[in-house]
Protein chains: 2
Amino acid sequence: MTTPLPAALLERLRTRLGDRFSTAEAVRNQHAGGGMHLPPLPPQAVAMANSLEDIVAIVSACSEFGVPLVPFGAGTSLECHVGAARGGVSIDLSGMQRVLKVNLEDQDCIVEAGVTRNALNAHLRHTGLFFPVDPGADATIGGMASTRASGTTTVRYGGMRENVLGLTVVTPDGSIVRTSRRARKSAAGYDLTHLFVGAEGTLGVIADVTVRLYGVPEAISAAVCSFPSAATATMSVIEAVQLGLPLARAEYLDPSAIAAVNAAFKTGHDVADTLFLEFHGAEEEVARCAERFKGIAADNGGGEFHWATDEEARTALWRARHHAGLAIAMSRPGAAPWSTDVCVPISRLAECIVQTKEDLASAPFSAAVLGHVGDGNFHVVLMIDTSSPDELAAAERFNDTLVARAIDMDGTCTGEHGVGLGKREALRTELGGAVELMKSIKHALDPRGLMNPEKIFI
Amino acid sequence: MTTPLPAALLERLRTRLGDRFSTAEAVRNQHAGGGMHLPPLPPQAVAMANSLEDIVAIVSACSEFGVPLVPFGAGTSLECHVGAARGGVSIDLSGMQRVLKVNLEDQDCIVEAGVTRNALNAHLRHTGLFFPVDPGADATIGGMASTRASGTTTVRYGGMRENVLGLTVVTPDGSIVRTSRRARKSAAGYDLTHLFVGAEGTLGVIADVTVRLYGVPEAISAAVCSFPSAATATMSVIEAVQLGLPLARAEYLDPSAIAAVNAAFKTGHDVADTLFLEFHGAEEEVARCAERFKGIAADNGGGEFHWATDEEARTALWRARHHAGLAIAMSRPGAAPWSTDVCVPISRLAECIVQTKEDLASAPFSAAVLGHVGDGNFHVVLMIDTSSPDELAAAERFNDTLVARAIDMDGTCTGEHGVGLGKREALRTELGGAVELMKSIKHALDPRGLMNPEKIFI
């Protein structure tokens, strides 16, 4: 049980924030996280920050009263990162929506934490530059940094790990720290940028993020191709990566995912193991890449390529992929989706997917597989009747087996979703004593354990 | 003054290591660092580790006796990283030369810390893969990770920050920690890999490193081109980077550097502001890139391109660039070289180089400029008569001005050399309160301050 928030803290935050501070149940429940297999954990109050100064005031107040603080962006994370595991205040950064600076010549920009990736790309529309990291959901850049998000374009552009150049962070004592200056590379001391990217809000609150931008490619071409099996689809991508073919996106959808997409979006894709592909570059480079990939696909028994080159057709194609999770969720009314997230060295990926699909054959729930296969990362979306203890237990067993298999293949329990509350045991299995080092760092930077407590490790 | 090493420690290490443990003055002096503007700081003893178990034994022994420990690789670092600032034991890892595993399909490999980059590439010669990071010196992979090295190919392949996938580290208490598994991406907890990359041995001893490898390009083409000024040479590269042209190397040498290279290697390059360039890729991509770059260069008043496509000619060309530092050193007999290392956002690079060259015009010493200009990083090699207090003082002032200018341009005091003993004040100017965070982490992981003491910060 959590104790009530101190009246003096409520007063302090209400005075500063006015109606941007709330203890209303509806507001608290909107900031509770959960979903999937994890329960919602509402905070005791929600404080909306609109500026760096707001963040400092909220962090300082919570610190003074010894109250836990949980950063919240768009609330799209998948391991209950935003749940208030020990109560306290949710600091909602979604009001921090300013693009502070676009440095066209340096191809970078500085955005407040609450700017979403779509909002950033809309802002950049007429600059010739874009921000490539694409986890599917329209997450905030601050949240994406916090969970070390990646997604469909990682195989070409990298994820947040590769694309965050620096951060402004408010540390648990209310200090403002800038982790890095804006040079493209630096050997100036410990890499604090990478420490905060993926720290899931446990070391401080991200106020703004400097990210890399890229020139919009001269040509973009997308294609869909079906294959006789999961193994042949996956192997095609692996071979392309090994040959150094610069795929911009290489997404695998299994027949269940395709069927769900067809049903939800009235598309007519062959219900088969399928790749959604995208090539970026100069006209001739895109053409050459696509041609070479067609050769690889043909050698693996791939069918016809369905191309989408104009923006409208590409948008339709990728909307189907981006909303595949939703489509899968709609495929079993009343059930809740649970998305796994392992990532393995690509030499083991085909084997890992094939063995996982064998496990699914005997599962008491429906499921579909979606993979960022160029990186070795794939998701199994389990559709669970959460009122059935049998299904829940079977889902737990399935995920445990999958995580153990990935770790056994020298892979990771989470390629891009993060640890949150859901993967803490798996993290121990994966990294052992390294978790003690993480805890030492946490204790050094947040000795009272007020920043997003109980996430990543206990 | 340092106190003598405890007899029991000497006995312990001598028993374990035999003649791989030494207190001989000549051996200690080989491990003292220094050079440039920093004095050598010999350790009290040198312990040669040949295995992970040796490292654990040496670290544990030093920990037990409270004796400082300084990791040593090839000794090529430039800010006295290997100097024993508080005495103690130098742990020499150059005997750890095994390539533990090459994973061809995953394009990565695991090497012991003492493997040098040239040794690794020799080992990979028949695999079709190579390790691209090239700081010039034949440094060890462990040392390159520790200092977050980069170099000539960073513009295309990234430096150690981008290419280390994981590390095995022996922490100050003698524990073995693996920072990551081998998946290409992961969101599994704090990014310990990046914490140790660039920590300069202050948080533990790196025992092995997992690095990314790349397919040897189908075609490689190198060229030399001279320009009417530093600004036009630099602007050509900046424009190419902004257009997304995939330069593999883009090195600037000023007329003094070219004159030194010509004198040392009997080459006949025009004594002018010059770019050394390299393009990697498929035949047609290399040709297209080179053609586009020629257009950019011509617009900036660049002269004729001198091409080197076969391996022998390319090797000769890059040998001249790699040994330019040596050539510059030879240009003023009796003087010692001091290499600066700022890096700025590329939008400010031309301006930064031009202003710096103006400063040099009135300097009492000779100097030459070498730049990894695609990243915004350049070195001024000052040739100092270290017996002249006036020259030393002028060099200090010159470097202070340069560092202040770079930081003022939102750049860094060190693009790739690291902080060591030489850049500690500059680091404070650059990152302010972030240095306190670094110190907290240091104190948490190494509470007695035994690991490479006094480096990065005091």
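How each quantity is defined
Residues numbered from 1 in each chain as written. Chains lettered and ligands numbered in written order. Predicted model: local features only at pLDDT ≥ 70, side-chain atom pairs only at ≥ 80, totals over all residues. Domains from an automatic or database assignment. Contact = placed C-beta atoms within 7 Å. Nonpolar A, V, L, I, M, F, W, Y, C, P; charged D, E, K, R; others polar. Axes fitted to C-alpha atoms, helices over the stretch in contact; angles between N-to-C directions. Helix = DSSP H or I, 4+ residues; strand = E, 2+ residues; numbered from the N terminus. Parallel < 35°, antiparallel > 145°, perpendicular 65-115°, else oblique. Left-handed = near helix turned anticlockwise from the far one by under 90°. Pairing = 2+ DSSP bridges. Least-squares fit on C-alpha atoms with pLDDT ≥ 70 in both. Buried ≥ 20, exposed ≤ 12 C-beta atoms within 10 Å, placed from the backbone.

Can you explain the domain arrangement of chain A? Please cite residues and give values.
Quoted interface sizes are often the accessible area lost when the parts come together. All names here are of chain A. You can read the domains of chain A as domain 1 (7–92), domain 2 (99–215), domain 3 (219–326) and domain 4 (332–430). Here the C-alpha centroids of domain 2 and domain 3 sit 28 Å apart. Contact with domain 2, which involves 5 residues of that partner, is made by 10 residues of domain 3. Residue classes in the side of domain 2 that touches domain 3 are distributed as 1 nonpolar, 3 polar and 1 charged.

Explain the packing of helix 9 (residues 230–242) of chain B against helix 11 (residues 283–299) of chain B to me, using residue names and the numbers behind them.
Residue and element names in this part refer to chain B. Put simply, helix 9 and helix 11 touch, their axes get as near as 9 Å, and they point 140° apart. Looking at the two axes, helix 9 sits oblique to helix 11. Read as a crossing pair, helix 9 and helix 11 show a hand that is right-handed. Note on element contacts: helix 11 touches helix 9 through F293, I296 and A297, opposite S236, E239 and A240. Tallied by class, residues from the contact of helix 9 with helix 11 come to 4 nonpolar, 1 polar and 1 charged.

So, the sheet that holds strand 4 (residues 89–92) of chain B: which residues are in play, and what are the values?
Residue and element names in this part refer to chain B. An order of 1-2-4-3 is seen for the 4 strands of this open sheet, with the pairing classed as mixed. Every other strand in the sheet has two partners, leaving strand 1 (21–22) and strand 3 (69–72) as the edge strands with one partner each. Alignment of strand 3 against strand 4, held across 4 bridges, turns out to be parallel. Considered in strand 4, the bridge of F72 is made with D92. Contacts from helix 1 (residues 7–17) reach strand 1 and strand 2 (45–48) within the one sheet, and its direction differs from that of strand 2 by about 30°. Packing against the sheet, helix 3 (residues 52–65) makes contact with strand 2, strand 3 and strand 4, and its axis sits at approximately 170° to strand 4.

Which residues make up the relation of the copies chain A and chain B, and what values go with them?
In this arrangement, two copies of a chain are superimposed by a rotation about an axis accompanied by a shift along the axis. Mapping chain A onto chain B calls for a screw motion: a turn of 180° about the axis and a shift of 0.0 Å along it, with 0.0 Å RMSD after fitting. What the rotation and shift describe, once combined, is the action of a two-fold rotation axis. When you check the interface residues of chain A against chain B, 100% turn up at the interface there too, and the contact is symmetric in its surfaces.

So, the environment of A:F265: which residues are in play, and what are the values?
Residue and element names in this part refer to chain A. Secondary-structure assignment places F265 in helix 10 (residues 255–265). Taking the number of C-beta atoms within 10 Å as the measure of exposure, F265 has 16 and is therefore partly exposed. With 253 residues separating them along the chain, F265 and R12 place their C-alpha atoms 49 Å apart. Setting aside residues up to four positions removed in sequence, F265 forms contacts with A320 and A327.

Tell me about the sheet that holds strand 12 (residues 219–227) of chain B, and name the residues and values.
All names here are of chain B. Read across the sheet, 7 strands follow the order 15-12-14-13-17-18-16 without closing on themselves; strand pairing throughout is antiparallel. Of all the strands in the sheet, just strand 15 (305–308) and strand 16 (336–339) have a single pairing partner and so form its edges. Taken over all neighbouring pairs, the strand axes of this sheet differ in orientation by 20° on average, direction set aside. Relative to strand 14 (residues 273–281), strand 12 is paired through 9 bridges, and the arrangement is antiparallel. Bridge assignment links S221 to a residue of strand 14, and that residue is F279. Of the strands in this sheet, strand 12, strand 14 and strand 15 are in contact with helix 11, which crosses strand 14 at around 155°.

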